[in-house]
Amino acid sequence: MELNDSITSVKGIGDKTAGLYARLGIFTVKDLICYIPRSYISYEDPLEIKNLTPGIKQSIRGMVISEVTSRKGRRFTISEFSVKDKSGFIKIIFYNSAYIKNVFRKGLEFIFTGEVKLRGPQYIMEMPEYHSTSDYMKLCSSLQPIYPLTAGLKNNSIKKSINSVSHLIDGIDDYLSDEIRKKYDLIPQNRALYNIHFPRDTEELKKSVHRLAFDEFYKFIYDIRKLKASTERIENEHKISAEAITKTREFIKNLPFELTEGQNSAVNDMLGDMSGDYVMKRMIQGDVGSGKTIVAAAALYANALSGYQGALMVPTEVLANQHYLDFKKLFSSYGINVALLTGSMKQSEKKAVYNELLEGSIDIIIGTHALIQNKAIYKDLGMVCTDEQHRFGVKQRDKLSEKGSFPHTIIMSATPIPRTLAIIIYADMDISVISELPKGRKRILNSVLDTSMRPSCYRFIAGEIKKGHQAYIICPMIEESENFEAENVTDYVQAIANEFEAGTRISCLHGKMNEAEKNEILQSFTAGNIDILVSTTVIEVGINNPNATVMMIENAERFGLAQLHQLRGRVGRGDAQSYAIFVDCKNSPESKERLKVMEESNDGFYIASMDLKLRGPGELFGVRQSGDMPFMVADVLTHADALQKAQEVYLAYGDSVTPSTKLDSERMTV
């Protein structure tokens with residue numbers, strides 16, 4: 001068996017299973033070896049039942065003392081039985097698991113691992129892991145990898161497959177010499193790959209993650225430097241005129257608000273680039289609500305005045321519609337033709353837009369991925385702008401640029417990366433930073449409350465509604481799940497109806513609605529026709545309603561801090577005082593510590609750094625599967641030292657050190 005052989009050459013993987021692996025981007029043996037765990041589990045010695053703490057994942061050793069009984073729930077078959085040790089009793093519950101009747105028989109002893117809950121005087125554990133005592137003791141001496149999965153593929157299957165090809169890891173050549181590894185304190189790449197799957201201890205795992213993070217950073221820096229070398233001197237075919245610059249400055253003066261110093265600086269940067277000799281590639285970096293969109297609008301205006309078309313691509317139709325309405329209002333008196341193009345539009349509507357794009361009568365087009373479809377042909381695309389840039393792949397952004405002949409490029413990012421790191425990560429771009437919020441904005445006041453305070457929250461929201469304001473309430477789920485205790489949107493709307501005065505207008509919004517439904521609800525909310533919008537995180541990205549003053553987030557402990565910060569950013573967008581209420585349904589020491597960060601700070605950079613420090617046990621080493629940066633292992637904050645080493649190696653050795661790692665090459669974008 002060779003590293004480049006098909007995944008079907010691995011014992012136990014046939015064509016059907018290979019199809020499941022293909023969903024994960026695994027096609028060859030080397031792909032499998034380079035598939036990185038998303039987290040790790042470390043098993044602790046079992047506790048006595050009397051010493052359990054609700055809300056925390058723990059293990060107990062106990063004997064089954066009752067037969068398994070089953071009953072039909074609303075959506076699940078619920079099976080349960082009792083377990084005891086010398087200190088007490090606990091109820092074990094499984095859902096849709098008929099097989100357990102043949103596993104758990106009276107008198108047998110198991111070790112159960114799961115989150116402990118307290119219902120009245122009774123401890124319970126739902127859907128726990130279970131092991132024999134001997135198997136569990138083996139687990140206690142090691143860290144167990146947890147891999148990203150797809151339906152039909154189990155974690156143990158991936159572990160077994162990787163174990164069967166682990167002997168091939170030694171055959172992976174290292175592109176770094178012994179001299180470089182010694183100088184920069186980096187372990188060999190094949191050792192790092194082996195340890196990432198079979199870590200002996202946390203110290204060895206940290207060294208391995210550090211090396212693989214270095215590899216991702218180095219490849220990124222290497223590729224992006226090559227890209228910059230090939231693009232940074234492209235002649236500017238879309239120079240804006242001096243008259244356009246003058247009119248753009250007049251446009252800014254006539255706005256009903258004053259730009260901040262950071263916004264003005266960013267506008268000056270862009271106008272200078274667009275009137276210069278070379279094509280602009282610029283990132284506008286600013287925290288949530290810092291006013292990046294109006295800066296992009298000024299650049300698009302200057303571009304349109306100079307006779308070129310501009311495109312603004314956003315990740316959702318909801319946001320596209322909102323920007324379209326805002327831009328139409330903004331430019332209505334300036335003779336700028338703004339158009340919308342989204343996937344849910346009727347074919348006749350799309351065709352009309354295609355024709356106008358081709359003939360050049362559209363000055364600014366706003367839309368989703370529809371902007372990069374083959375039928376969208378531009379007469380003379382002079383500028384492209386991508387909002388919420390981390391939501392798009394680089395290929396998608398590039399495809400938009402390819403719709404024109406070397407158009408100017410702006411990407412907007414709310415990702416809180418320190419400027420020194422951003423300069424490295426976005427080495428092919430110039431960077432403008434908007435560090436302050438728009439003038440007149442008040443600091444959002446934050447509160448973390450437990451569930452007992454809900455009635456007070458509702459009374460507070462009612463008070464804001466009486467003042468003419470509106471509120472968001474965020475729930476993490478759409479519908480009720482019997483084995484998952486979290487507030488849900490559909491039931492929540494009904495549950496709170498009696499908490500507010502008759503006539504209070506309450507609507508719900510979630511991702512399973514079609515685009516037309518979502519757009520209609522959001523437009524109604526923005527128009528002031530809805531008092532309370534109960535929603536999932538579908539409103540996380542860029543929804544702008546200055547009249548909304550309260551953001552109440554149920555089950556706040558279930559969200560990452562960075563996501564909570566994004567959600568909080570939907571309020572505080574007007575002149576009125578705004579409030580964020582984080583309802584901690586778990587109320588554990590860990591959730592209190594995490595949410596205290598949100599209560600004390602509105603600073604996105606600080607919150608991002610604390611999010612990393614306070615992650616769960618599986619992410620202590622910075623290994624992750626998602627995030628704003630295009631890396632599987634590397635994290636620009638956690639692994640800043642590895643990033644610095646990668647930069648130093650490139651500067652010292654340049655093209656003589658060519659990265660050859662296959663770590664997640666499909667997502668390792670430049």
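What counts, and at which threshold
- Residues numbered from 1 in each chain as written.
- Predicted model: local features only at pLDDT ≥ 70, side-chain atom pairs only at ≥ 80, totals over all residues.
- Heavy atoms only, no water.
- Helix = DSSP H or I, 4+ residues; strand = E, 2+ residues; numbered from the N terminus.
- Buried < 20%, exposed > 50% of the residue type's maximum accessible area, 1.4 Å probe, protein only.
- Contact = heavy atoms within 4.5 Å.
- Pairing = 2+ DSSP bridges.
- Right-handed = clockwise from strand over helix to strand, strands pointing away.
- Polar contact = N/O pair within 3.5 Å; in protein donor to acceptor, adjacent residues only side chain to side chain.
- Disulfide = S-S within 2.5 Å.
- Arc of directions from axis to C-beta.
- Core = buried A, V, L, I, M, F, W, Y, C linked by side-chain atoms within 4.5 Å.
- Axes fitted to C-alpha atoms, helices over the stretch in contact; angles between N-to-C directions.
- Salt bridge = Lys/Arg side-chain N within 4 Å of Asp/Glu carboxyl O.
- Expected span 1.5 Å × (residues − 1).

Caption draft 1: Quick look at the overall build of the chain. The secondary structure content of the chain amounts to 21 helices and 22 strands. Counting only residues that meet the buried cut, the chain has 54% of its 670 residues in that class. Long-range contacts, defined here as pairs at least 24 residues apart, represent 73% of the contacts in the chain between residues at least 6 apart.

Caption draft 2: Geometry of the pairing of strand β19 (residues 506-509). Where β19 and strand β20 (residues 532-535) come together, four bridges link them in parallel fashion. Across the sheet, the residue bridging to S507 is L533, located in β20. The parallel pair β19 and β20 is bridged by helix α17 (residues 515-526), and the resulting crossover is right-handed.

Caption draft 3: The arrangement of the side chain of E204 in detail. Along the chain, E204 falls in helix α7 (residues 202-231). Here R191 takes part through its side chain, which lies 2.9 Å from a polar atom of the side chain of E204.

Caption draft 4: Molecular detail of the state of the cysteines. Within the structure shown, the criterion is met by zero disulfides. Note on C475: no disulfide assigned, nearest cysteine sulfur contributed by C585 at a separation of 9.1 Å. Owing to a relative accessible area of 0%, C475 belongs among the buried residues under this scheme.

Caption draft 5: View of helix α16 (residues 489-496). Residues V489, Y492, V493 and I496 constitute the buried set of α16. With its buried residues spanning 100° around the axis, α16 presents them on a single face. Away from the buried face of α16 by more than 90 degrees, exposed residues Q494 and A495 are located. Packing partners of the buried residues in α16 comprise α15 (454-466), β18 (470-474), β19, β20 and β21 (548-553).

Caption draft 6: Molecular detail of the nonpolar core. Counting 58 residues, the largest nonpolar core has F327, F331, L341, I365, Y378 and I410 as its most contacted members. Ranked by residue count, the leading element in this core is helix α10 (residues 292-305), at ten residues. When neighbours within four sequence positions are excluded, I410 is seen to be in contact with M270, M280, R282, I284, A299, M383, V384, C385 and T386. Core analysis: the second largest hydrophobic core is formed by 56 residues, F217, F220, F631 and Y650 among them.

Caption draft 7: Molecular detail of the sheet that holds strand β17 (residues 445-450). A sheet is described by the order of its strands in space; here six strands give the open sequence β17-β22-β21-β18-β20-β19, paired in parallel fashion. Single-partner strands in this sheet number two, and they are β17 and β19. The mean angle between the axes of side-by-side strands here comes to 20°, regardless of whether they run parallel or antiparallel. The sheet contact formed by β18 and β20 spans four bridges and is parallel. In the strand pairing of β20, I474 is matched with S535. Across the sheet, α16 touches β18, β19, β20 and β21, and the angle it forms with β19 is around 170°. Contacts between helix α19 (residues 589-600) and the sheet are confined to β17 and β22 (579-584), with β17 contributing the most and set at about 160° to the helix.

Caption draft 8: Main features of the pattern of salt bridges. Under the definition given, this model contains 23 salt bridges. Between D277 and K239 there is a salt bridge, with its nearest N and O atoms 3.1 Å apart. You can see D277 sitting in the loop between α9 (261-274) and β10 (281-286) and its partner K239 sitting in the loop between α7 and α8 (242-253), a full 38 residues away along the chain. For K239, a relative accessible area of 38% puts it in the partly exposed group. In this structure, the salt-bridge partner of E554 is R454, at a minimum N-O distance of 2.9 Å. With E554 in the loop between β21 and α18 (561-568) and R454 in helix α15, this residue pair connects regions lying 100 residues apart in the sequence.

Caption draft 9: Here's a closer look at helix α11 (residues 317-331). With 15 residues, α11 should cover 21 Å at 1.5 Å per step; its first-to-last C-alpha distance of 21 Å lies within 8% of that length. Among the residues of α11, E317, V318, L319, A320, N321, Q322, H323, Y324, F327 and F331 are the ones counted as buried. Contact partners of the buried residues in α11: α8, α10, β11 (309-313), β12 (338-341), β13 (364-367) and α17.

Just distances and angles here, no functional claims.
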